[in-house]
Amino acid sequence: MQRGAYSYQGLEGQAIRRMTIPSIGWKQLIYEFLACMLCFLMGRAVIFEEVAPFGVALYANIISRKKKNAAVYLVAVIAGFVSLGLQAFVLKYALTTCLLFVYSQIPFVRRKEWSVLHAALAAGIALMMVNITYAYFRGMLFYDLILAGLESIIGLVMVYVFNPTVDLIINIKSRRVLANYEAIGIAVFLALLTVGFWKTNLFGLSLRNVFATALVLVSAYIGGAGMGAAIGCIVGLFLSMATQPAIELIGVFTVCGMMAGAFKDLGRAGSSLAFILSNAFMTFYINRSTVTILSFKEIATSSCILLLVSPRAIEYVRALWDAGLSLARDGNRYTSKLKELTVSRLEEFSRVFHNLAQAFSQISQSDVIKGKESINRLLDVVASEVCIGCTFYRNCWQRNFYATYNYMFDLIGIVESKGNIRKEDLSEDFCKACLRVDQVIEAVTQAYEAYKFNYRWQQKIDECRSLVAQQLEGVSKVITRLAQQLDIDIRFKKDLEESILLELDKRGIRVKNVTVIEKADGRMEVNIVKKPCGARRECTRIIEKVVREVVKKPMSCKSDESRICSKQECVLKFVEAQRYKVMTGIARKAREFADVCGDNYSSIQVDDGKYLLVLSDGMGSGSRADAQSSIVVSLLENFLEAGFDLNLTIQTVNSVLILRSREEIFATADLCVIDLVTGSADFIKIGAASTFIKKKDTVKVIKAPALPMGILEDIQPESVKEVLEDGDMIVMVTDGVLDSVDVHVNPEEWMVEVISKLDSCNPQELADHIMNEVLKQADGIARDDMTVMVSRIWKPYFS
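Cut-off values and rules
Residues numbered from 1 in each chain as written. Predicted model: local features only at pLDDT ≥ 70, side-chain atom pairs only at ≥ 80, totals over all residues. Heavy atoms only, no water. Phe/Tyr/Trp six-rings, centres within 6.5 Å; stacked < 30°, edge-to-face > 60°. Helix = DSSP H or I, 4+ residues; strand = E, 2+ residues; numbered from the N terminus. Buried < 20%, exposed > 50% of the residue type's maximum accessible area, 1.4 Å probe, protein only. Axes fitted to C-alpha atoms, helices over the stretch in contact; angles between N-to-C directions. Parallel < 35°, antiparallel > 145°, perpendicular 65-115°, else oblique. Left-handed = near helix turned anticlockwise from the far one by under 90°. Contact = heavy atoms within 4.5 Å. Nonpolar A, V, L, I, M, F, W, Y, C, P; charged D, E, K, R; others polar. Pairing = 2+ DSSP bridges. pLDDT = per-residue confidence, 0-100.

Novice: Explain the packing of aromatic side chains residue by residue, including any values.
Specialist: The description of an aromatic ring pair rests on the distance of the ring centres and on the angle between the ring planes. Applying the stated rule across the entire model yields 6 aromatic pairs. Measuring from centroid to centroid gives 5.3 Å for phenylalanine 162 and phenylalanine 189, while their planes differ by 90 degrees, and the two rings are edge-to-face. In this pair, phenylalanine 162 sits in helix H7 (residues 142-170) while phenylalanine 189 sits in helix H8 (residues 180-196), placing the two residues 27 residues apart along the sequence. Phenylalanine 189 shares its class with phenylalanine 162; the two are buried. Put simply, the rings of Phe81, Phe89 and Tyr93 pair up and form one aromatic cluster.

Put into structure tokens, the structure is as follows:
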């Protein structure tokens, strides 16, 4: 109740005082009156002449949400019971309702928020207690116990059936979607309301029949033949149970509702006419007479009610009913087509990159052939520069062509093997046959040096082309793999999408689209498009909780970069929450007299719930080694964060190191990729030292012999898979750490002993402890760059 303040003025125009009078909230008053009328009518709903637990179930549902006006609703329900007449069963249900009211007023119960199960159990137990007491005073019979149990079960179930209706009544302004089970619950509720009208007549019309017919007509006009038939069947069933058994009522209402819905496109008048004609047909079919089962006057009155219902109300209910169905229909219709188009486009992109890779590969092969032909051009250059003016030119290059060519190839072989040509290295036949030996030697040496320089750069270009071809082929494989995942491994969970949409709608959150994806490994991903909340943080405060409850898995909204928000909409992405966290400690020591440490490391989270640990040792020490290892770590980070395959990433980094300079550049790579959801880890070693895993009662050693990156063009790294547990610690070291151990001691066994002795769960403390022990072994002198990286896997308490 709101209050309004008013003031009035005296004769001199001055304000004398202010009056505050209450202003009436008419909408709230009408709402409360309608709620009381529903309680009253449901209290009058009786089946099998004396079974009427429906008013009790509705009252339990209402007071679980609105405890403030519990006494008002109590009076309404009891008034409904009493209106049936002062009979014994009426007193029984009135006492049950009073018992629920008393229970709801207990202080600790009143403060507690009731769940649907709580309300259902309260109604069921109250009905059981009152029924047993009632049977005891009447003389306990086994039939009475069966009836008491039956009524208790009916009351408990009806609380669940009425729950969607009560929820819709309370949140009618915010609801926009109805689930199938909610529609069924509302249909049962309305059918029982028709029973509540009982045998009330007005102007010769049965209000019960008028309301029942109007309900079926409106439902058929809104939802079509299916909805009309379903509502008609339910209404006819309950009316038959409320009076003398009349099976024909079920058939008449079902057929009439179906036909009215089938002709809904003809408008309200068309639906009403179809109902009337169907009633006449069913009457003639069943009774073979002109006395109709449903009175034409009652059908005409119901048709007038249908005509008086506002179009706005019709559209609201129709939109409410069709929202869930349209979502499913649209998803089924477009998802498969969109999936096919996406896979097709990705396969086209894959073919394009594959063809580009083949084109670069063919260019490289043709360049190899051209390299062989360049030797012939070299000989032609020598012949044109030296021999063309000689008197014996025709004799050497025409009559004795093959012998001259062999002499020239011998000269090239000599300069290639010895670096220069001396006359002592030449054959006597060549010296006798050639008049310009010195000039030929000089020309061949100069031409070969130019050829060798060009050939070296041509090799570099060919290697770059080969690298480009490999990368294009790799991109093609990545796209093909992605297309395969879209085509096979991703499944859309329509049931979860509908449940999330429904739960968010109940909380008044407007959602445009919900997509739930189950990936090949069983992980769930939920994408939601909604209107912006205006910085109220609905994503973490409400939506994340709803998604977690529906999916029944720990889910979390990804960090801010994944929330794409604008003034029109907000796109949210929820993934499975990580069950594990990683904490890392580092201890480094540069080589003595070196300016910087040549080792580099990284400890970052990459895409799809993975965590990357990488440690690299560059060749040598100082700034040059630091640059080499930095390149390895940086490229590994970038490629894996972009979602590239691990093997492809390693091959690419290896190729980059080979092509980066003429000189040898290599670096080790020690990788560990941890799955933060399952706890599994993949260890990959490329020329790296052993890795140690400290568990609760043991220390495990992982090693895999391999050459560092930048030496071989094609490397095949081996992966070692381990399952990590809460509290495990991964110790990764560079070779400088193990090489500093006494030569008479096995470095791995020594490291296992050092790790086992320290009982600490702090990774930084363990890293410092290992570094101190290593320096003791080396007399405090770092003969090589040394790095110790310790990562602890731990599980948060809330996971």
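Read on for the rest.
Novice: Pulling in residues and values, what's your account of the packing of helix H2 (residues 54-63) against H7?
Specialist: Where H2 meets H7, the closest approach of the two axes is 8 Å, and the angle between their N-to-C directions is 55 degrees. Considering the angle they form, H2 stands oblique to H7. You can see that H2 and H7 cross each other, and the crossing is right-handed. Residues Phe54, Ala57, Leu58, Ala60, Asn61 and Ile62 of H2 lie in contact with H7, whose contacting residues are Ile154, Gly155, Met158, Val159, Phe162, Asn163 and Val166. For the contact of H2 with H7, the residue count by class is 10 nonpolar, 3 polar and no charged.

Novice: Which residues make up the pairing of strand E13 (residues 610-617), and what values do they have?
Specialist: For a regular strand, the rule is simple: side chains alternate between the two faces of the sheet. When you tally the buried positions in E13, you get 7 out of 8 residues, the bulk of the element. Looking at chain direction, strand E12 (residues 599-606) and E13 are connected through 8 bridges and run antiparallel. Across the sheet, the residue bridging to asparagine 600 is serine 616, located in E13. Here 6 bridges tie E13 to strand E14 (residues 669-675), and the two strands are oriented antiparallel to one another. By the bridge assignment for E14, leucine 613 is matched with cysteine 672.

Novice: Pulling in residues and values, what's your account of the confidence of the model for the chain?
Specialist: Of the residues in the chain, 86% reach a pLDDT of 70 or more, and the chain-wide mean stands at 80. Of all the helices and strands in the chain, strand E1 (residues 2-9) carries the lowest mean pLDDT, 45, while strand E19 (residues 729-733) carries the highest, 95. Note on residues 1-24: pLDDT is under 50 here. Beyond four places in sequence and across chains, it has 32 contacts. Long-range and interchain partners of residues 364-369, a stretch whose pLDDT sits below 50, account for 6 contacts in this model, where long-range means more than four residues apart.

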